[in-house]
Amino acid sequence: MDDMYRDYILDHYRNPRNTGDLPGATHTYHDTNPLCGDEITMALRIEDGRVADVRFEGKGCAISQASASILTEDVKGKTLEEVRVIDRQRIFENLGIPISPARVKCALLGLKALKGAAWGLSTWPGEEEPAGAAKRTGTE
Amino acid sequence: MDDMYRDYILDHYRNPRNTGDLPGATHTYHDTNPLCGDEITMALRIEDGRVADVRFEGKGCAISQASASILTEDVKGKTLEEVRVIDRQRIFENLGIPISPARVKCALLGLKALKGAAWGLSTWPGEEEPAGAAKRTGTE
Amino acid sequence: MAVVSARSTLPIDVTRIRADFPVLSRTVHGKPLVYLDNAATSQKPRQVIDATREVFEEYNANIHRGVYEFSERTTAAFEGAREKVARLLNAAATREVIFVRNATEGVNLVAYAWGREHIRSGDLIVSTVLEHHSNFVPWQQLARDVGAQIAVIDVDDEGRLRRDQYAAAMKRGPRLVAITYTSNGLGTVLPAKELVAEAKAAGATVLVDGAQAVPHQKVDVRDLGADFLVFSGHKMLAPPGSGAVWGRAELLERMRPFLFGGDMISRVTVERTEWNELPWKFEAGTSSYVDAIGLGAAVDYLETVGLDAIHEHELRLTGYLLDRMREIPGLTIYGPKTLEDRVGVVSFNIDGIHPHDVATIFDAQGVCVRAGHHCNQLLMAKLGVPATTRASFYLYNTTAECDALVGAIHAAKKVFRI
Amino acid sequence: MAVVSARSTLPIDVTRIRADFPVLSRTVHGKPLVYLDNAATSQKPRQVIDATREVFEEYNANIHRGVYEFSERTTAAFEGAREKVARLLNAAATREVIFVRNATEGVNLVAYAWGREHIRSGDLIVSTVLEHHSNFVPWQQLARDVGAQIAVIDVDDEGRLRRDQYAAAMKRGPRLVAITYTSNGLGTVLPAKELVAEAKAAGATVLVDGAQAVPHQKVDVRDLGADFLVFSGHKMLAPPGSGAVWGRAELLERMRPFLFGGDMISRVTVERTEWNELPWKFEAGTSSYVDAIGLGAAVDYLETVGLDAIHEHELRLTGYLLDRMREIPGLTIYGPKTLEDRVGVVSFNIDGIHPHDVATIFDAQGVCVRAGHHCNQLLMAKLGVPATTRASFYLYNTTAECDALVGAIHAAKKVFRI
Ligand SMILES: Cc1ncc(COP(=O)(O)O)c(C=O)c1O
Ligand SMILES: Cc1ncc(COP(=O)(O)O)c(C=O)c1O
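What this report covers is the structure whose coordinates are included nearby. (Residues numbered from 1 in each chain as written. Chains lettered and ligands numbered in written order. Predicted model: local features only at pLDDT ≥ 70, side-chain atom pairs only at ≥ 80, totals over all residues. Heavy atoms only, no water.)

Another aspect to go through is the overall build of chain C. Scanning chain C for helices and strands turns up 14 helices and 17 strands. Its C-alpha atoms give chain C a radius of gyration of 22 Å, near enough to 22 Å, the size a compact globule of 418 residues would have. Dimensions of chain C, computed from the C-alpha atoms along their principal axes, are close to 70 × 55 × 35 Å. Scored against the burial criterion, the 418 residues of chain C give a buried share of 69%. Long-range pairs, those at least 24 residues apart, make up 71% of the contacts in chain C between residues at least 6 apart in sequence. Put simply, chain C shows about 12,200 Å² of open surface, and 48% of that area lies on carbon and sulfur atoms. (Helix = DSSP H or I, 4+ residues; strand = E, 2+ residues; numbered from the N terminus. Rg over C-alpha atoms; globule rule 2.2 N^0.38 Å. Buried < 20%, exposed > 50% of the residue type's maximum accessible area, 1.4 Å probe, protein only. Contact = heavy atoms within 4.5 Å. Areas by Shrake-Rupley, 256 points an atom, 1.4 Å probe, with all protein chains shown as cover.)

Looking now at the relation of the copies chain C and chain D. One copy of the chain maps onto the second through a rotation about an axis and a displacement along it. Of the transformation superimposing chain C on chain D, the axial component is 0.0 Å and the angular component is 180°, with the fit at an RMSD of 0.0 Å. What the superposition gives is, in effect, a two-fold axis relating one chain to the other. No C-alpha of chain C approaches the rotation axis more nearly than that of Gly241 of chain C, which lies at 3.1 Å. Both copies share a contact surface, since 100% of the interface residues of chain C are interface residues in chain D too. (Least-squares fit on C-alpha atoms with pLDDT ≥ 70 in both.)

On to the site of ligand 1. All names here are of chain D. Thr104, Asp209, Ser232, His234 and Lys235 are the nearest of the 16 residues found near ligand 1. Between ligand 1 and Ser232 there is a distance of 2.6 Å, counted from an oxygen atom to a side-chain nitrogen or oxygen. Here His234 contributes a side-chain N or O atom positioned 2.6 Å from an oxygen atom of ligand 1. Relative to its free-state accessible area of 390 Å², ligand 1 is covered by the protein chains to the extent of 100%. (Near = heavy atom within 4 Å. Polar contact = N/O pair within 3.5 Å; in protein donor to acceptor, adjacent residues only side chain to side chain.)

Opposite the 93 residues of chain C that make contact, chain D presents 93 residues. Between chain C and chain D lies a buried interface of about 7,400 Å² when both sides are counted; carbon and sulfur atoms form 54% of it. The largest share of the area that chain C buries against chain D comes from Phe56, Arg65 and Tyr68 of chain C, three residues that together contribute 10% of it. Linking chain C with chain D are 6 salt bridges, by the criterion used here. A salt bridge links Glu105 of chain C to Arg101 of chain D; the nearest nitrogen and oxygen atoms lie 2.8 Å apart. Summed over the shared surface of chain C and chain D, the result is 44 residue pairs in polar contact (both at pLDDT 80 or more). For the side of chain C that touches chain D, a count of residues per class yields 38 nonpolar, 35 polar and 20 charged. (Buried area = accessible area lost by both parts, 1.4 Å probe. Salt bridge = Lys/Arg side-chain N within 4 Å of Asp/Glu carboxyl O. Nonpolar A, V, L, I, M, F, W, Y, C, P; charged D, E, K, R; others polar.)

On to the site of ligand 2, then. Lining the immediate surroundings of ligand 2 are 16 residues, of which Thr104, Asp209, Ser232, His234 and Lys235 of chain C lie closest. At ligand 2, the nearby residues belong to more than one chain, namely chains B, C and D. Interatomic distance of 3.1 Å between a side-chain N/O atom of His132 of chain C and an oxygen atom of ligand 2. Here an oxygen atom of ligand 2 sits 2.6 Å away from a polar atom, N or O, in the side chain of Ser232 of chain C. Burial of ligand 2 by the surrounding chains reaches 100%, relative to a free accessible area of 390 Å². Residue composition of the shell around ligand 2, grouped by class: 2 nonpolar, 11 polar and 3 charged.

Leu109, Trp139, Tyr166 and Leu229 of chain C together with Trp139, Tyr166 and Leu229 of chain D are the most contacted members of the largest nonpolar core, which has 253 residues in total. Apart from the residues lying within four places of it in its own chain, the contact partners of Tyr166 of chain D are Val126, Ile153, Leu161, Val177, Ile179, Leu195, Val196, Glu198 and Ala199 of chain D. (Core = buried A, V, L, I, M, F, W, Y, C linked by side-chain atoms within 4.5 Å.)

The next point concerns the side chain of Arg370 of chain D. Relative to the elements of secondary structure, Arg370 of chain D occurs in strand E16 (residues 370-372). Among the polar contacts made by the side chain of Arg370 of chain D, one reaches the main-chain carbonyl oxygen of Asn62 of chain C at a distance of 3.1 Å. Of note is the side chain of Arg370 of chain D, whose polar atom sits 2.7 Å from the side chain of Asp37 of chain D.

So, on to the packing of aromatic side chains. Any two aromatic rings considered together are summarised by their centre-to-centre distance and by the angle between their planes. All told, the structure shown has 22 aromatic pairs over all chains when counted by the stated rule. The interplanar angle of 50° and the centroid separation of 5.0 Å between the aromatic rings of Tyr5 of chain A and Phe416 of chain D together place this pair among those described as tilted. With Tyr5 of chain A in the segment before helix H1 (7-14) and Phe416 of chain D in the segment after helix H14 (399-415), the pair connects residues from two separate chains. Across this residue pair, the class does not change: Tyr5 of chain A and Phe416 of chain D are buried. Where Tyr112 of chain D meets Phe258 of chain D, the ring centres are 5.1 Å apart and the plane angle is 20°; that geometry is what we call stacked. With Tyr112 of chain D in helix H4 (residues 103-118) and Phe258 of chain D in the loop between helix H9 (249-254) and strand E11 (265-268), this pair connects stretches of sequence that are 146 residues apart. (Phe/Tyr/Trp six-rings, centres within 6.5 Å; stacked < 30°, edge-to-face > 60°.)

Another aspect to go through is H14 of chain D. Residues and elements named next belong to chain D. A rise of 1.5 Å per residue sets the reference length of H14, with its 17 residues, at 24 Å; its end C-alpha atoms lie 24 Å apart and thus fit the reference within 8%. By the criterion of burial, H14 is predominantly enclosed, with 13 of the 17 residues buried. Following H14 by one or two positions, Arg417 adopts a phi angle in the positive range, close to 50°. (Expected span 1.5 Å × (residues − 1).)

Glancing now at the pairing of E11 of chain D. All names here are of chain D. As judged from the 3 bridges shared by E11 and strand E12 (residues 273-275), these two strands associate in the antiparallel manner. Within the sheet, the bridge partner assigned to Ile265 lies in E12 and is Trp275. Between the end of E11 and the start of E12, which pair antiparallel, lie 4 residues. (Pairing = 2+ DSSP bridges.)

Moving on, we get to the sheet that holds strand E16 (residues 370-372) of chain C. Residues and elements named next belong to chain C. Reading across from one edge, E13-E14-E17-E16 is the order of the 4 strands in this open sheet, with antiparallel pairing throughout. The sheet is open, and its two edges are formed by strand E13 (331-333) and E16, each paired on a single side. Between one strand and the next, the sheet's axes are offset by a mean angle of 30°, whatever the strand orientation. Taken together, the 4 bridges between strand E14 (residues 345-350) and strand E17 (residues 388-392) define a ladder with antiparallel strand orientation. Each residue of the ladder has a partner; that of Phe348, found in E17, is Thr389. (Axes fitted to C-alpha atoms, helices over the stretch in contact; angles between N-to-C directions.)

All names here are of chain D. Taken N-terminus to C-terminus, the directions of helix H2 (residues 46-59) and helix H3 (residues 69-88) make an angle of 170°; their axes are 11 Å apart at the nearest point. Considered as vectors, H2 and H3 are oriented roughly antiparallel to each other. Viewed along their axes, H2 and H3 form a crossing whose handedness is right-handed. The segment H2 lies against H3, with Glu54, Val55, Glu58 and Tyr59 engaging Phe70, Arg73, Thr74 and Ala77. Of the residues in the contact of H2 with H3, the class split is 4 nonpolar, 1 polar and 3 charged. (Parallel < 35°, antiparallel > 145°, perpendicular 65-115°, else oblique. Left-handed = near helix turned anticlockwise from the far one by under 90°.)

Worth remembering: the numbers are spatial, not functional.
Structure (C-alpha cells):
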C-alpha cells in the first residue's frame, strides 16, 4: 500500500496545488463520480490558445484529488493542442502509482472535468477505456 | 412400454365406452388440457342421487381417453356420495399402469371433467396433487 | 443403441465435442441418452460448467463498484462476457448488449421501454403466425392496452412466410415489425435480412427474435439491419438465466429504463433519479452475473467450433433425418420440404398416435423430444393440430441419433399395433 | 493473519461451516481472504455449487411440459425449490412464491403488475430514507407517471425509523407502504411486524423488502402480515439469478401478469390470451431454473444450520466488532448504538480517509468491504456523507475476521499517517 499512498500523493491530497477561485476564468466545468460522491470543478483561463492559469476545487478520495492537483501542474502553460493529447496513460504516469480497475474512475475524474472545461465535450481523445477494460458502475 | 400401452388401454382408446350424446343429461361439463390440446366433455344423468347414465366425448392422447372411458364404467350406477370419493389414486388404480409425472394431467382430465359436471367445482376432494408433487405447465 | 461417432466427412468432430458434455454419456431408462430437444434448451459443455463453478470457488463477489480484487475480477469476467457477445453479434459497440434472463424478458423490455412510448392507438404492429408466444403475447397485450392493431402474417403450406401478405402489410406503414429469424416449431429460416429491409423501407422499427438463430448460425446485427435482436443463452450452451437484448445505441439511449433499482441509476434524490449509462441503465439490481459469465464461455466454445460448421452440421443431420423419415409410412412431417429454408428442427406426427404418447414411448428408448404446441399455438391452429412431436438438433448430435429416433418411431408404431 | 476457528461458545460451528465454502480458503494479495461484504452478496457452499453442477451433468432439460424423464427430473427439482422457499417463509401456499432474478425485479413486478393498476393520481405511497434504491426508484417512477405522492419517512440520529412520522403518514391513508425489513446501509432492523400492522390498519397494501432479512433471520410471512415480500437468493448462499416475490394469493390471482410469453399462458389466439395458474402466470419464458435449484439447496443449508443460530451468531459478531471499533479514535460509526435494533452490518468512516481509499488499503490486507453509497443515496444525504465503508457478516464470519478488520483500520491510519 505504501506503493500507492506515497508521500507525494498524500501531499497533493492534503495540500492540493492550484485550488480555489480562478479570477477571469474563461472555461469552467464541474464533474462528479456519483458512485463515491467525488466532485471536481476545473477552471481554466485560456489566453492565446494557452492555459494561462488553471485552478480546481474538489472533494473526494486521495486518488481523485491528488490526480487533479497533479494534472493542474501538468497543464499550466500548455497549448490547447498539448492539452488535447493528454490521455489516461499520461494521468497514470503522472500519478506514478498502480491504479486498480476499481480506482480508474477516481484517477480520471480530474481529466474528465478538464476536458469538459476546455471543450465541453463528453468524450476526449484517449480518455476512453481500451477495449477489454471493464467499466465500473454502482450497485451493491 | 408394453407395461403402459396394454391391450385394454389401447382398446379403451380406440373403442371408448359410453361415448356420444346423452339424451336427458342433467349435468354436462367440458374441460381441456391446453398443454396438449386434450379435450373431454362429460355428461351425466343423475336420478335419485345416482348416476343413472354417463357419456363422454373427447379427443387426445391414449391415456386421457382411456382413463375417461374407464371412469365412465366405474361411475355408472354409483351414488353421488360414492362418486365424490373417487380420487387420483382410484384413477391410477383403474388405469393399472405406471403414470409418469408428465402424464398425470392426461390421466386426470376425465376426472376433472366429471367433477365439473357433477358439482361445477374446480376442486374435488382427492384430486389435488399430494404435497411435494410438481405440477406441469407449458413452456418450451 | 450406441451413439457412434460422426464420420470424418462431417464438418465438425462430433466425437470430440461429445466428450465435452458430461450429460451426453448418461443413460435414460437404461438406454443411452439421445437428446433431441435442443430447441427447448441445450446441454452444457464442461468449459461452461467449469467457468461458472470457478467464479464461486475462486473469486466470487458482487460486480461493479466493489473496491477490492474479487469484485474487480468478477466485474471483469462479467463485462468480458458482454464483449464476447458483442463480438459474436458484430455489434457496433459493447454497450449495445444488455443482459437479460432470456429472450422473453428481452422482448418484454423492448415492449415496455420502447413500445409503450412509441406505439399509439391505431398504429400497426406486424407479427407472424410462426412467432413463439414470447414474441407475440407482449405485442398483443401492448396493442390491447394502447388500441393498436396487430397483423399476423400467415405461412404457406410448407411453413414459409407469405411474402405477398408481408409486402401488403408493409404498405400499411407499420410502426413495429416483430418477427422470428428461425421458427422453433418448424425449423423454417426466414429471409430475415430481406424482411428487415422491407420493414425499414416502410419506416418500421424492427425486432428480430434470434432465440433459434443465434445459437445455430452466424448472426451479424450490422448486416441484418434490425433495431433490436433478442436471444437466450440456455439454448446456446450457456446456463438458463443468461440472455441478451442487442439494440441500436441511438434507440437505447433515448429509451426510458424498464426495471428500476440499484445499478441502473447514477444519482437518486427524493424528487428524481438520473440514469446510468448504457448498458447498465437497463440492468437493475444484481445481474445474473455467473450465468452471464457462463454465456461468455459458451460463446468461446461456439466460436472455437465455428458457427458456420455447426450450421452445416445441422443441415446435414436435418437432411439425413428427413430422408429417413420419408421412408416411413403414416408420418406427417411439417415445414419446408427442402433444406433451403429450414434447419435443425423436424416437427411431425405419427398418424393415430398422439404426440404425448409418442414422447412417452420415445423416452423409454432414451430419446428425448418435445411433444406439444411448442409455445406456437397460432402455428398449431394453422396446421390444424393441437400438438406435434418435435426433434431438434445441436452441434453434438449424430446421424446415429437420427437412426435412434427412427427406431423409436417404429417402436411407437409397434406399441400402438399400427 | 490466520482466520482462527470460532469458540465453542458460539451458536454455530463456524469451522465446519467454513470448510463448506471453497472460496473462503483463497488468498487475496497473498493474505487469507476476509470476506466482509455479505450485504452485497454471499459466498456459496459446496452443497449449492454441487446442486447446480449436478443439474448440468446429470439430468438437465427444460422444465415443464417435457414428456420425458430428464424434463420431469429438472421440473421436480425446480418446483421442489419453490416448495422449500414456501416452507422457509411459512407461506400459506406454494403458489404464492414467484421466482424472479432478484429483489429488484421483485419490486418492479409488484410496481408494474399491482402498482400500475391500483395507484392513482393523488394517492400516497409511504417509503423510508433507509430504502435501497431498488425499493425506492420503482415507486418514485410510478408516482411520477400516475401523479401519486411519496412520503419518505426519516430516521433518528441512530438510524431508527421515526415512528412519529410514520404514524402521521398512516393517518393520511396511504395506498401503499413499501419498507425494508433490515437496512443494508446501517444494519437497522425495523420493527417490521408493528409497521405492517399500522399500515394494514390504515388500509394500505404493504410490500416488505426482505433482501437483508430473509438471509439472516427467520421471516414468517403469515406472522408478518404483509402483502408482498421480496428477496434475492445471491445474498443467502444461492447463485445470482435466483430470488422470489412472495405475495398473498388473493392479490396475485387478481393481478395481471407482468412479463408476457411462453409458460405464463394457458391459451393463445390471435385475439386474446388466457393466463396460466399461479405461480407460473408470473414466470414468462424459461426460468433461471438452475439458479432456483441452487436456491433450494441454499435454503436446505441455512435450515440445517438454523436461522436463529445464524442470527445469534451475527449479533455476537456485530457486538464484538462494535466494541473493538469503539476503542479506536477517529472513527465515525453509523446506526443504532445497541444491538437491540441492529445486526450484521457496521457502516463507518475513518476521519480524514475517503471510503474508497479505505477499501483499497483493506483489500491489500485481504479484507473485502464495500465503500460507497450502498444504493442508499437518500440515507447518505441524511448522514451528510457521500459514502461510507461497510463491513457485513454472514454465518461463516469469525471474531478473528473482526480482528483482521480492526487491524486493517489501523493499517489505513498508518498509511495515511493519521
Ligand atoms: C435492502 C435491499 N433491498 C434490495 C436490494 C437489491 O437486491 P438485488 O440487487 O439482488 O436485486 C438489496 C441489495 O443490496 C438490499 O440490500
Ligand atoms: C423462437 C423463440 N423465441 C423465443 C423463445 C423464448 O425463449 P426463452 O424461454 O428462453 O425466453 C423461444 C424458446 O423456445 C423460441 O424458440
